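# Observations on the three-dimensional arrangement
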Amino acid sequence: MPDTKTLLILIPALPLAASLLTAVLGARVLRERSHWPTVVAIALSCVASLLLIYRVHHGIDERAAAGEKGRDGAARLVSGGPARQHGAEGESEAAEPEPKVDYEHVVSIWTWAVVDDAYELENDDPSAAVDARTSEMRSFSISVTLRADPLTAIMLGMVTFISMLIAVYSIGYMHHDPGYWRFFSYIPLFVFSMTMLVSVSNFVLLYVFWEAVGFCSYILIGFWYHKPEAAAAGKKAFLVNRVGDFGFALGLFLLWTAFGTLDFHDVKLARDADTGRAVVLHDTELVTDAAQPGQVSAGVLGRERIDRQGEWLAQHGPKATGGPYHHGTLLAMAICLLLMLGACGKSAQFPLHVWLPDAMEGPTPVSALIHAATMVTAGVYMVARCMPLFLASTTAQFVVAVIGGFTALLAALIAMTQTDLKRILAYSTISQLGYMFLGLGAATLLGVTAGMFHLFTHAFFKALLFLGAGSVMHAMAGVIDVRRFGGLRRVMPATHWTFLFGCLALAGIFPFAGFWSKDLILEAIHEQAGGGAGALMYQALYWAAVATAGLTAFYTFRAYFLTFWGKEMIPEEAGDHAHESPRVMTLPLMILALCALGVGAFFELTHGFARFLGHTPSAVYHAGLAPAAEHGEALDLTIPLTGTAVAVGGILMAALLYLGPREKLVGGLTAVMTRLGLYRVSHRKFYFDEIYYGFVVGPLKVLAWLSYAVDRFVIDGLVNVCGMVPKAFGATLRPLQNGMIQFYALAMILGLLVLMGALLPFFN
Amino acid sequence: MNPEAALLNNYLIVGAMLFGIGMIGFLSRRNMIVMFLAAEMMLQGVSLTLVAFARFHNDYGGQMLVVFVIAVAACEAAIALALVLMLVRRSGKLDVAVWHALREADQPAFAEEEPPEEPAEPQEPSPQLTQAGLTPEIPREETEYRPRV
Amino acid sequence: MTGPQATLILATALGAVGMWQLLPRAGARGKLLGAACLAVALGLWASRMPLLADWVQSGLFFILAGVTIVAAVATVTMRNPVYCAIWFGMTLLGTAGLLLLAGAEFLAVATIVVYAGAILVTFLFVLMLAQTEGRAWYDRSAWEALVSAVAGIVIVGLLSVTTSGVLLAKGDKAAERAAAKRVAAERAAAERAAAIAAEGKGDRPAAERVLAAERVLAELRKAAERAAAIAAAAEGKGDRQADDGVLAEHHVARFGAELFGRHLIAIEVAGTLLLAALVGAAAIVSQTRDGRTSGEDSP
């Protein structure tokens, strides 16, 4: 079995190779067979990811067996910490859980750039030199470094698995498209970017691949580039992401100035024998072990800083802010808020959520892959990865939670009145991403676990829903307006049943996947609402999350009933198309449906997910409440019951309105809502696009016009004036040539006079 | 001032005056012949200057130069008058102001104000040469009876 | 402003006004005023010109100069071009006289012969060939009379200022230089004498010493003469006729020797130039009115 380094390299490299191969050979050689490199590569990547998960798990076991632990600080950390805990500290101290083991394996492939003497360490920096007489100048190196730890392994497994299924599905969906080979060149390029994004171990490369997935999203949304709406949607996605990326970049700059390094991991130092200065080791397979101080260049999220912070907190008390981890609360808050801005852009949270519904102009597999399962989860991944940073600032945590909750509710309200099936699912994605951020905003181990778990399960059932919608669209020859088709459950049974599974998972009904993850999030929020800082706000967020769960169920089943139940209605464009999709499309649907059914229960009841994730180095830092069941307490069923109740209520409401011929009821309700003004507000997406157009695009257009005017009149005017100067000069001199001989002679004489007059003083 | 220097000074001034007057004539007269006369006068002024310097420095070099000035003046006169004749044939006039075609395209031509009506003065015809080789017509009285010897 | 300068500026101004008035301008009558101004200007100028060696020379010079200038002005300002030519002949006579006074006898006669006799006559021929009937308008209107007059007279003024300034200064400086040269020459002679005398000292027979002393005396005398000659030359005194200079006897012979001696090649080239001019003039004139060479058969 190949070793970790090979696996880490193979997982992104195979899709990249497939992309290049298809790009080169697809048009002429491969043509209809263009899917083979992609499918094979992504399948192999998926296998490699599973092997990597096994390797990481094995590594953790080895470590635990060998008795390695984090330093004592980490052990103490587990029981006390800066997070808000309800219950007295005494209770946790008495519990004395075993020290947590963390595992990371960092591999450096290639050094991209090195700037020597780039940063001078302060003396209290975790990796400052023992000998304070010499100044420690660190170099700034950007190296392509990949890491294998539980968080990365989970993400890689999920991404490659779903990509594989979607690639297979696309064989059927894009079958007659003239850009077939182009599609199968873009998809593995995206998979490469995404896998690299979750595997890299420094912020610079994270940013690079952040942009790369944004670019892949742009080219895939605008895949049918001759359609102006698709091109515009691609541009909109890219530009809105850009706003977020700008914040991300600013956050990176602040990180650099604060920490002096942009690596996640700690890097071993060697002492230069001659000068005694520290030299960072590059291009080696680095397994960071705990080392003596001064022998390690501490990464931003590395063990060194985490352990030191833990020690400091143990001394100063769990609620203290400050310490060697960050360099001032304000700075930490600024960094976190800027990173959050980047995450908002990528994960379509308020206020940068406007691009995701328009991104549905792309092909449906693209929507399933990028805008449901993978790219939009990059923001969640990033925040989860940077949790230690967020723990330094409670304001940032509040902001994350509030943004998540608000977006979840907002998107749910908008989805209730949409008529485009894919757009309903898009707003649903936005809402569920809001849930994930809500979980992360709780800033406890439970919260992080909940957010990541919801990401994990959501990928499966949202991809399923999108692929199902794609199947419907494929059968309806491109029509996706739910008002134009109906009663398709007899026409497309496989799609119907898989779609139903997805809807049940999304609504959060036991035992489908969504139930478990949503439940965890509600628990995490509820825990924070119990006491501690900001309890009131978390309380409000809890109720908002509950309400959103109900709304989610409602609009999901509204879509389901409108599509698959009721009178059988086939639009004219469909014609004889209206039949079940081919096996190559329904097989992934069925696999995903099984996952939607079982994956939640499997990972939650075994606590495998939580335990596995808990071994990530940055997660060791958290004050650990494992999920409630782990503590052996009696099952507290309040929250699951609340969740299920609102979900069932939502389903019933949808059934009441949309199952069966209830036009009068629906019409009446709609009229009331319209009279109240609520319907239109929801239907018009809360006028966000109009507001942005008025406040952002409008002034920019004015600015653009001003720039054009300056360029045309001022700058070009200057150039024209420069051109006119010789002309004017010539026009002034031209009358000297009037053809009169005596004039020429006179001119000569006058010149002679001037010369004589000038030379006269020299004679006297 | 010693006499030689005084002589030189005076000659130089007179030469300068001749030169200046010739220049005035060249610049202002429109008759081509008179223009060339003025040019010749400028050369005279130069000759005076050269000879004065020759006298002052006791050196024949100045006078040599004057010889060549005379020679060149003769050549110049020959060519110039030939050209003047060609120009007169083309335009019918001895006016130099008619030849203004070599000007910039957008410059106006030399426009002359209308000459006022001249009262018809009794013109004496300019002396004309008789055609060469022909016997002039002399009144018979002149050939036979001369009132005086 | 010093006196001479004020005189000069006044003379320049009056001369310019005079010339301007005298020039043939369309429909303007100012000849009398012009003549008066010009006369005054000439008088002022003449007052600045120093007298020459003796009154004969001075008188001759001023008369000839006056005639020349007046004739020159007349040449330029006459309305009838034939009159201009005649006055030009007068100018040539005056110039010839001035050349004679300056010691250029051959040139004076050459001027008369070549200029007045050949060039002027050629001008008259062409005038008669080309002159239209009646008085032409262009003869009676000058082009830019004022500017030309001002330019010309200002040039004359500048030149005369330069000349006087230089020669005056040069005269003073020349005297100084002459004195300095004499002193230097005498010192050099004394040094040489001392050297010979020193050489003469020592163990030498008496005859040699006498010879040496005589040599010393001869050297001293020559040196003195040379110094005196240099001083005299610098001061402009001395008998010019005595040396080989311009005023020596057999002027024309010397003139010819100089011309065909040192400037032989130039003479030959000048002759060739005359030939070329002759051929060129003939070639130019032989074209007929419509540009064809005369002699060809007309179609």
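Residues numbered from 1 in each chain as written. Chains lettered and ligands numbered in written order. Predicted model: local features only at pLDDT ≥ 70, side-chain atom pairs only at ≥ 80, totals over all residues.

### Concerning the overall build of chain C
To keep it simple, the criterion reads: Think of it this way: any DSSP run of H or I at least four residues long counts as a helix, any run of E at least two long counts as a strand, and we number them from the N terminus. Contact between residues is assigned whenever the C-beta positions, reconstructed from backbone atoms, fall within 7 Å.
Helix and strand content of chain C: ten helices and zero strands. In sequence order, chain C lays out its α and β elements as α-α-α-α-α-α-α-α-α-α. Residue pairs at least 24 apart in sequence account for 62% of intrachain contacts in chain C once pairs closer than 6 positions are excluded.

### Regarding the overall build of chain B
Going by this rule: Any residue surrounded by 20 or more other C-beta atoms within 10 Å of its C-beta is treated as buried, while 12 or fewer makes it exposed and the intermediate range makes it partly exposed; C-beta atoms here are placed from the backbone.
When you go through chain B residue by residue, the secondary structure sums to four helices and zero strands. Counting from the amino terminus, chain B carries its helices and strands in the arrangement α-α-α-α. Within chain B, the fraction of its 149 residues that count as buried is 45%.

### Focus: the environment of Ala13(A)
With respect to the helices and strands, the residue Ala13(A) is situated in helix H1 (residues 4-30). It is 9.9 Å that separates the C-alpha atoms of Ala13(A) and Leu189(A), two residues lying 176 residues apart in sequence.

### Looking at the interface of chain B and chain C
Listed by partner, the interface residues are 73 residues for chain B and 88 residues for chain C. Mapped by element, the contributors of at least two residues to the side of chain B that touches chain C are helix H1 (3-28), helix H2 (32-57) and helix H3 (61-91) of chain B.

### Looking at helix H18 (residues 493-507) of chain A
Residues and elements named next belong to chain A. The line we're drawing: For a helix, the expected span equals 1.5 Å multiplied by the number of residues minus one.
For H18, built from 15 residues, the straight-helix expectation of 21 Å at 1.5 Å per residue is met to within 8% by its first-to-last C-alpha distance of 21 Å. H18 sits mainly inside the fold: eleven of its 15 residues count as buried. Buried-residue contacts for H18 involve helix H16 (421-441), helix H17 (445-475), helix H19 (513-529), helix H20 (535-564), helix H21 (583-605) and helix H24 (638-658). Taken from the residues just after H18, Gly508 is the one with a positive phi, measuring 90 degrees.

### Quick word on the packing of helix H2 (residues 35-66) of chain A against helix H6 (residues 180-199) of chain A
Residues and elements named next belong to chain A. Note the following rule: Between the N-to-C directions of two axes lies an angle of 0 to 180 degrees, each axis being a line fitted to C-alpha atoms and, for a helix, fitted only over the stretch in contact. These descriptions rest on fixed angle ranges, namely under 35 degrees for roughly parallel, over 145 for roughly antiparallel, 65 to 115 for roughly perpendicular, and the rest for oblique. Crossings are sorted by hand: turned counterclockwise from the far helix by less than a right angle, the near helix makes the crossing left-handed, and turned clockwise it makes it right-handed. Amino acid classes used here: Ala, Val, Leu, Ile, Met, Phe, Trp, Tyr, Cys and Pro are nonpolar; Asp, Glu, Lys and Arg are charged; the rest, including Gly, are polar.
The N-to-C vectors of H2 and H6 enclose an angle of 20 degrees; their axes lie 8 Å apart at closest approach. Taken as axis vectors, H2 and H6 run roughly parallel relative to one another. Between H2 and H6 the crossing geometry is left-handed. Contacts from His35, Thr38, Ala41, Ile42 and Ser45 of H2 reach H6 at Phe184, Ile187, Pro188, Val191 and Thr195. Of the residues contributing to the contact of H2 with H6, the split by class is six nonpolar, four polar and no charged.

### Details of H6(A)
Taking 1.5 Å of rise per residue, 20 residues should cover 28 Å, and H6(A) covers 29 Å from first to last C-alpha, within 8% of that figure. With respect to burial, H6(A) is a largely interior element, 19 of its 20 residues being buried.

### As for the nonpolar core
All names here are of chain A. Stated formally: In plain words, the nonpolar core is the set of buried Ala, Val, Leu, Ile, Met, Phe, Trp, Tyr and Cys residues that C-beta atoms within 7 Å link up.
Ranked by internal contacts, the top residues of the largest apolar core, which has 219 residues, are Ala463, Leu464, Ile525, Ala545 and Ala596. The leading source of residues in this core is H17, at 19 residues. Setting aside residues up to four positions removed in sequence, Ala545 forms contacts with Gly405, Ala408, Tyr435, Leu438, Ile521, Leu522 and Ile525.

### Focus: the confidence of the model for chain C
When pLDDT drops low, the exact placement of atoms in the prediction is not to be read closely. This is how the line gets drawn: Per residue, pLDDT measures the predictor's confidence, with a range of 0 to 100.
Residues of chain C with pLDDT of at least 70 account for 82%, and the chain-wide mean is 82. The complex prediction reports pTM at 0.67, with the ipTM value standing at 0.79.

### Quick word on the packing of H17(A) against H18(A)
Residue and element names in this part refer to chain A. Two elements in contact, H17 and H18, have axes whose closest approach is 9 Å; the angle formed by their N-to-C orientations is 145 degrees. With respect to the hand of their crossing, H17 and H18 are arranged in left-handed fashion. Residues Phe461, Leu464, Leu465, Gly468, Ser471 and Val472 of H17 touch H18, and the partners they reach there are Thr495, Thr498, Phe499, Phe501, Gly502, Ala505 and Leu506. Residue composition of the contact of H17 with H18, grouped by class: eight nonpolar, five polar and no charged.

### Observations regarding unusual backbone geometry
Between Phe350(A) and the following residue, Pro351(A), the backbone shows a cis peptide bond with an omega angle of 0 degrees. Position of Pro351(A) relative to the elements: it lies in the loop between helix H10 (329-347) and helix H11 (355-358). A cis amide bond links Phe510(A) to the next residue, Pro511(A), at an omega of -5 degrees. Mapped onto the fold, Pro511(A) is located in the loop between H18 and H19. Unlike most non-glycine residues, Asn58(B) shows phi in positive territory, near 60 degrees. Following the sequence through the fold, Asn58(B) ends up in the loop between H2 and H3. Not every positive phi belongs to a glycine, and Glu144(C) is a case in point at roughly 55 degrees. Turning to its location among the elements, Glu144(C) is positioned in the loop between helix H6 (137-140) and helix H7 (145-200).

### A look at the environment of Ala18(A)
Residue and element names in this part refer to chain A. Inspection of the secondary structure puts Ala18 in helix H1. For the pair formed by Ala18 and Val39, sequence separation is 21 residues and the distance between their alpha carbons is 8.7 Å. Contacts of Ala18, omitting those with residues within four sequence positions, involve Pro37, Thr38, Ala41 and Pro188.

### As for the environment of Thr374(A)
Residues and elements named next belong to chain A. Inspection of the secondary structure assignment puts Thr374 in the loop between helix H12 (364-373) and helix H13 (377-385). Residue Thr374 is classed as buried on the basis of its 29 C-beta neighbours within 10 Å. For the pair formed by Thr374 and Val213, sequence separation is 161 residues and the distance between their alpha carbons is 9.6 Å. Setting aside its immediate chain neighbours within four residues, Thr374 contacts Val159, Ile162, Met194 and Leu369.

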